[in-house]
Amino acid sequence: MMEKRSMEKLGAEVSLLGFGCMRFPMDAQGNIKEKEAEAMLDTAIKSGVNYIDTAYRYHNGDSEPFVGRVLNKYPRDSYYLATKLPIWMVNSPEDVDRIFEEQLKRLDKEYVDFYLVHALDKERFEAMKKFGVLERLEQKRAEGKFRYLGFSFHDEEKVFEEILSYYNWDFCQIQFNYMDTDIQAGLKGYEFAKEKGVPMVIMEPIKGGMLASLPSDVEAAFRKERPGSSMASWALRFVGSFSNVKVILSGMSSMEQVKDNLGIFSDFQPLREEEKELVDQCARNLKAKVKNGCTGCSYCMPCPSGVNIPLNFKIWNEYAIYQNQGRTKERLNTELKKEEMADVCVQCGKCEQVCPQKLPIREHLKQAAEDFGKLLGKCEGGKA
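Residues numbered from 1 in each chain as written. Predicted model: local features only at pLDDT ≥ 70, side-chain atom pairs only at ≥ 80, totals over all residues. Heavy atoms only, no water.

### Quick word on the sheet that holds strand β8 (residues 171-175)
Picture the strands of a sheet paired through backbone hydrogen bonds; they go either parallel or antiparallel. If you trace the eight strands once around the closed barrel, you get β3-β4-β5-β6-β7-β8-β9-β10, paired in parallel fashion. Pairwise comparison of adjacent strand axes, ignoring direction, gives a mean angle of 25 degrees for this sheet. Of the pairings in the sheet, the one linking strand β3 (residues 17-20) to strand β4 (residues 51-53) comprises three bridges and is parallel in character. Paired with G20 across the two strands is D53, which belongs to β4. Each of β5 (80-85), β6 (112-120) and β7 (146-153) touches helix α3 (residues 93-107); the most contacted strand, β5, lies at about 145 degrees to it. (Pairing = 2+ DSSP bridges. Helix = DSSP H or I, 4+ residues; strand = E, 2+ residues; numbered from the N terminus. Axes fitted to C-alpha atoms, helices over the stretch in contact; angles between N-to-C directions. Contact = heavy atoms within 4.5 Å.)

Written out as structure tokens, the structure reads:
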């Protein structure tokens, strides 16, 4: 039976597994494979998943209409529908009304259950206050257009505390997994929300799929403890072991992933103490694989030669930790311009004069260029 958790504050009983609707299978043109995706949603719903999460921008705007059509097959009171206000598109109080009403039409619904201000950070929080977003949304709630108001978050933990303390939020959504306990809101943010009695929805429990495929030594440690369990199950069970986590969103892309997740949550087992210790040790082992201690402070920027030093190191360190060639190639080809890559470094050394960590940046950029070059099939770093 699907694990359910109670949001006592709201009087809602939600499935611990939530279906995140941002990673549906797609065809070569980038469109949702609707027949396959619908079968995935049907399988999840019939197995007890009752929290369906979408957003205005998912799948270039196609997620909301598709999800709405699929859900029309089911009684409206049999599921909880969540979507989000794209706060970056709000430039006036009237924009809140316009976007919200557009979403209801796209979803083909009279109301939404969980409505979030999407991806708040310090800057967007200020915009939210400037344009009276909460006042407008309170009007929508009074009209019966949605039931519970929350926000999703991407910034530092101190900003999370500021936002959570600003308003009597019904719930909140953060990124959380066993590798990110000290990133963004993290574990401190979790504890702060728990103390304030605000139920939590978790995104990125598998770190965008990174924790579903691990280096051989780390995977071997997990398989020794539970031979038949997937790597994703360890990440999901870690997050589900926290009592104030009420929904764990999984952006499932295949029926195989749906069935694996249903198996985990239909007979959910929180981590035992010895398993928690194993996860902590494996996380330490993964973090020990980093190539350097770049914190992304950007004191080294701008580089006179145009190298994006922090981003090169971020991708380099992630590659060292997870050894995921496909993901690394994708990041190199989509996130870094050719003129920003490590091999553009001319070894001037200005970056090292201002680096708070005193990193040997020139040598590390040279090593990163070599690693990227091998990965991209070139003798030197650069685009394939």
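Moving on from the coordinates now.
### A word on the pattern of salt bridges
If charged atoms from side chains of opposite charge come close, those side chains can pair. Scanning the entire structure with this criterion turns up 37 salt bridges. Of the charged contacts in the structure, one is a salt bridge between E64 and R106, with a shortest N-O distance of 2.9 Å. With E64 in helix α2 (residues 63-71) and R106 in helix α3, the pair connects residues that are 42 residues apart, well separated along the chain. Of the residues examined, R106 reaches a relative accessible area of 18% and is grouped as buried. Within the structure, one salt-bridge network assembled from shared partners comprises E94, D97, E101, R136, K140, E143 and K145. (Salt bridge = Lys/Arg side-chain N within 4 Å of Asp/Glu carboxyl O. Buried < 20%, exposed > 50% of the residue type's maximum accessible area, 1.4 Å probe, protein only.)

### Regarding the environment of F24
Note that F24 resides in the loop between β3 and α1 (34-46). Its relative accessible area of 2% is what places F24 among the buried residues. C-alpha of F24 to C-alpha of L41: the two residues are 17 residues apart in sequence and 9.8 Å apart in space. Excluding residues within four positions of it along the chain, F24 makes contact with F19, I32, A37, L41, H59, S63, F66, V67 and M252.

### Focus: unusual backbone geometry
For the bond running from M301 to P302, omega is 0 degrees, close enough to zero to count as cis. Topologically, P302 is positioned in the loop between α11 (273-287) and α12 (309-322). We note that Q347 has phi near 65 degrees; this positive angle belongs to a residue other than glycine. Note on placement: Q347 falls in the loop between α13 (325-334) and α14 (350-354).

### Overview of the nonpolar core
Ranked by size, the top nonpolar core spans 92 residues in total, and within it F19, V133, F151, F160, W169, Y178 and F222 carry the most contacts. For this core, the leading source of residues is helix α9 (residues 231-240), giving seven residues. Those residues in contact with F151 that sit more than four places away from it in its chain are L116, V117, L120, F160, I163, L164, W169, F171, C172 and Q173. (Core = buried A, V, L, I, M, F, W, Y, C linked by side-chain atoms within 4.5 Å.)

### A look at the packing of α1 against α2
Packing of α1 against α2 leaves a shortest axis separation of 11 Å and a crossing angle of 55 degrees. Relative to α2, α1 is oriented oblique. Our pair here, α1 against α2, has a crossing hand that is right-handed. The residues of α2 that touch α1, namely those facing E34, A37, E38, L41, D42 and I45, are F66, R69, V70 and L71. Tallied by class, the residues present in the contact of α1 with α2 amount to six nonpolar, no polar and four charged. (Parallel < 35°, antiparallel > 145°, perpendicular 65-115°, else oblique. Left-handed = near helix turned anticlockwise from the far one by under 90°. Nonpolar A, V, L, I, M, F, W, Y, C, P; charged D, E, K, R; others polar.)

### What about helix α15 (residues 361-376)?
Across its 16 residues, α15 extends 22 Å between first and last C-alpha, which sits within 8% of the 22 Å expected from 1.5 Å per residue. The set of residues buried in α15 consists of I361, H364, L365, A368, A369, F372, G373, L375 and L376. Buried-residue contacts for α15 involve α12, α13 and α14. Where α15 terminates, the next one or two residues include G377, which has phi positive at roughly 80 degrees. (Expected span 1.5 Å × (residues − 1).)

### Details of the packing of aromatic side chains
Applying the stated criterion across every chain, the model contains 24 aromatic pairs. Ring geometry for F176 versus Y190: centroids 6.3 Å apart, planes at 10 degrees, classification stacked. Here F176 is found in the loop between β8 and α7 (186-196), whereas its partner Y190 is found in helix α7, with 14 residues between them in sequence. As far as the burial class goes, F176 and Y190 line up, both buried. Taking 5.5 Å as the distance between ring centres and 10 degrees as the angle between the ring planes, the aromatic pair formed by F265 and F268 counts as stacked. Pair check on accessibility: F265 and F268 agree, each one buried. Pairwise contacts between aromatic rings join F176, Y178, Y190, F222, W234, F238 and F242 into one cluster. In this structure, R106 is placed above the aromatic ring of Y56, and the distance from its NZ or CZ to the ring centre is 4.1 Å. (Phe/Tyr/Trp six-rings, centres within 6.5 Å; stacked < 30°, edge-to-face > 60°. Lys NZ or Arg CZ within 6 Å of the ring centre and 35° of its normal.)

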